[in-house]
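Each chain, written out:
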Amino acid sequence: MSTSTLRLAIVGHTNTGKTSLVRTLCHNRKFGEVADRAGTTRQVSAVRLGFDADTLIELFDSPGLENAPHLIEALEALPGERHDGPDRIDRFLDEPALVERFDQEARVLELMRAVDAALYVIDVREPVLEKYLDELAILGLGARPLLAVLNFTASPLSREQAWRDALARVSLHTVLSFDAAIREPATEKRLFDKLATLLDGFQPTIARWLAHREQEEKERRQAALAAIADLLIDIAALRRTHRSDDIGLREPLLQEIQDRTHHREQACVETLLALYRFGRDDYSDNGLPLVQGRWPDPPLDPATLADHGIRTGSHLGAGAGIGAVFDIASGGLSLGTGTLVGGAVGAGTGLLRSAGEGLLERARGLRRLGVEDAVLRLLAWRQLHLLGALIRRGHGNPEPLQATAEERWKRDRLPSSLLRARLRPGWSALNELPEREPGRERARARLAADLAEALEQAPSSP
Ligand SMILES: Nc1nc2c(ncn2[C@@H]2O[C@H](COP(=O)(O)OP(=O)(O)O)[C@@H](O)[C@H]2O)c(=O)[nH]1
Ligand SMILES: [Mg+2]
């Protein structure tokens, strides 16, 4: 089905958040320049929304209107039909002296003549001044459908209702609340739904764009689950080895396991944030269970595990804050990971293998260290919790999280896809082995599917 490109202007007074809105809609946090001072955007700049080389929507960011009261006088002074707005604008644009005098405004008017509709962005912290109503009157001359976008609605200084009343009085009834600082993708859908009601002819275009965004959302979720599965496998299979008689090495290795796990988890957090387009600038922006973009407490600290109600087995209790590490040779894998004793690894093969691994190592005078199940439980819980929050935000539902399916990861038996990784040191990128043992890809896909199931069963997930 061929659909025509919808051309959309973003207009309004200076500093109302026009460029920020374009950034939100095109999902490019780098678009244009955003600043807290007047006149940052001086030219009209365009961005295309589409896929497969198809442009569905073109957004045009514009300089702020700054001189509406004088402009309206100049427009009124032009000869011609009083009620022919577009004609009046064209005549204005044909007057070099006027275009020079109202440089920025002329660009906006030219743009209005070239687009199918415009979003008029309002900073609702501002009182409803005459000059803004002048802007609306001028834009009205363009004879293009206008959608008013109320920005800064989350501010305590918001005068949203006064603005809604004022807009109704000038017969602008299509209004959308928006707060760029809260960056809530659900707003995007509401905005395009409203535009579709304003623009009959572009309904197929808008529908295609929204369908594409939905597909992207699914793929994003898939990628996030794969990243979590990757983390869990890397940590499940993480091993450090020392000579039995070299006890002095034990403590630094425990520390290394702690640090590696911590960093590996942070890398996963950053992958999730990047997938959901959070940058460092957004950390103040909340609704996420993080502090400055991180989980604040280290994952191997017994206190962290206790705070999450996760039981640990026997740990080697090294320096302060390190726990939940087992020694395979001392049977740590079976003791520390209670589920293995429960026969979770079918037919006891896992146990045999791990015992074998331990015995063999011991015979060679080596001791092997790894992390307990408790750590995997915590890591899975934290990442699913974060992902749930990111998805809920994406659907404009930033309500506090209920106890959801990720809770089960604290107690239930770990999926066999993950338990298998316990016995495959060659699957962990952190073991720096020359070659990856085969089978990791499949295990990761299985584990991602197990994680997806947990996510889908979450009662509050959208
Ligand atoms: N808190 C908050 N700040 C915003 C919002 N929209 C824009 N800003 C900030 O307001 C300033 C002006 O935004 P900008 O997009 O450059 O406005 P423009 O001049 O209309 O393009 C920047 O500092 C933005 O970060 C919003 O909805 N909420
Ligand atoms: Mg701008």
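A brief look at the structure comes next. (Residues numbered from 1 in each chain as written. Chains lettered and ligands numbered in written order. Predicted model: local features only at pLDDT ≥ 70, side-chain atom pairs only at ≥ 80, totals over all residues.)

## Here we look at the overall build of the protein
Looking only at helices and strands, the protein has 17 helices and 9 strands in total. Taking all 462 residues of the protein together, the buried fraction comes to 40%. Restricting to contacts in the protein with at least 6 residues of sequence separation, those with at least 24 account for 75%. (Helix = DSSP H or I, 4+ residues; strand = E, 2+ residues; numbered from the N terminus. Buried ≥ 20, exposed ≤ 12 C-beta atoms within 10 Å, placed from the backbone. Contact = placed C-beta atoms within 7 Å.)

## Details of the sheet that holds strand β9 (residues 366-371)
Consider a sheet: its strands pair through backbone hydrogen bonds, and that pairing is either parallel or antiparallel. Taken in spatial order, the 3 strands make up an open sheet running β7-β9-β8, and their pairing is antiparallel. This sheet does not close on itself; its edge strands, each paired only once, are β7 (240-243) and β8 (325-327). Within this sheet the neighbouring strands show an average axis-to-axis angle of 25 degrees, counted without direction. Across 4 bridges, the pairing between β7 and β9 is antiparallel. If you follow His242 over to β9, its bridge partner there is Arg367. (Pairing = 2+ DSSP bridges. Axes fitted to C-alpha atoms, helices over the stretch in contact; angles between N-to-C directions.)

## Some details on the sheet that holds strand β4 (residues 117-123)
The 6 strands lie next to each other as β2-β3-β1-β4-β5-β6, forming an open sheet whose pairing is mixed. Two strands close off the open sheet at either side, each with one partner strand: β2 (45-51) and β6 (175-177). Between one strand axis and the next, the sheet turns by 25 degrees as a mean value, whatever way the strands run. Across 5 bridges, the pairing between strand β1 (residues 6-12) and β4 is parallel. Its bridge partner being in β4, Ala9 is matched across the sheet by Ala118. Running at roughly 165 degrees to strand β3 (residues 54-61), helix α1 (residues 18-26) makes contact with β1, β2, β3, β4 and β5 (146-151) of the sheet.

## Regarding helix α6 (residues 130-141)
In an α-helix, one turn spans 3.6 residues, which is why side chains three or four residues apart end up on the same side. For α6, which comprises 12 residues, the first-to-last C-alpha distance of 17 Å matches the rise-based estimate of 16 Å (1.5 Å per residue) to within 8%. Those residues of α6 that fall on the buried side of the exposure criterion are Tyr132, Glu135, Leu136, Ile138, Leu139 and Leu141. Next to the buried residues of α6 lie β1, α2 (68-77), α3 (85-93), α5 (103-114), β4 and β5. Ala143, located one to two residues past α6, shows a positive phi value of around 55 degrees. (Expected span 1.5 Å × (residues − 1).)

## Notes on the pairing of β3
Relative to β3, β1 is paired through 5 bridges, and the arrangement is parallel. Note that in β3 the partner of Arg7 across the bridge is Glu58. Relative to β3, β2 runs antiparallel, the two being bridged by 7 bridges. Bridged to Arg48 within β3 is Glu58. Hairpin connection of β2 to β3: 2 residues between the antiparallel strands, including Asp52 at a positive phi of 50 degrees.

## Topic: unusual backbone geometry
Positioned with a positive phi, Asn15 is a non-glycine residue whose angle comes to about 70 degrees. For Asn15, the location among the structural elements is in the loop between β1 and α1. A positive phi is found at Glu432, a non-glycine position, where the angle reads about 50 degrees. Its location among the elements puts Glu432 in the loop between α16 (416-422) and α17 (440-457). Overall, Glu432 belongs to the exposed group, with 6 C-beta atoms counted inside 10 Å.

## A few points about helix α10 (residues 250-275)
When the terminal C-alpha atoms of α10 are compared, their 37 Å separation across 26 residues agrees well with the 38 Å that a helix rising 1.5 Å per residue should span. Among the residues making up α10, those that are buried are Leu253, Leu254, Ile257, Gln258, Thr261, Arg264, Glu265, Cys268, Val269 and Leu272. Just beyond α10, the residue with positive phi is Arg277, at close to 60 degrees.

## Observations regarding the environment of Asp134
For Asp134, the location among the structural elements is in helix α6. Note: C-alpha distance between Asp134 and Ala68 (66 residues apart in sequence) is 5.8 Å. What Asp134 contacts, discounting residues up to four positions off in sequence, is Ala68, Pro69 and Ile72.

## Let's talk about the packing of α3 against α5
The description of two packed helices rests on the angle between their axes and on the distance between the axes. Where α3 contacts α5, the axes come no closer than 10 Å and their chain directions differ by 135 degrees. On the basis of the axis angle, α3 is oblique to α5. Regarding α3 and α5, the two cross each other, and that crossing is left-handed. Facing α3, whose interface residues are Pro86, Ile89, Phe92 and Leu93, α5 presents Ala106, Leu109, Glu110 and Arg113. For the contact of α3 with α5, a count of residues per class yields 6 nonpolar, no polar and 2 charged. (Parallel < 35°, antiparallel > 145°, perpendicular 65-115°, else oblique. Left-handed = near helix turned anticlockwise from the far one by under 90°. Nonpolar A, V, L, I, M, F, W, Y, C, P; charged D, E, K, R; others polar.)

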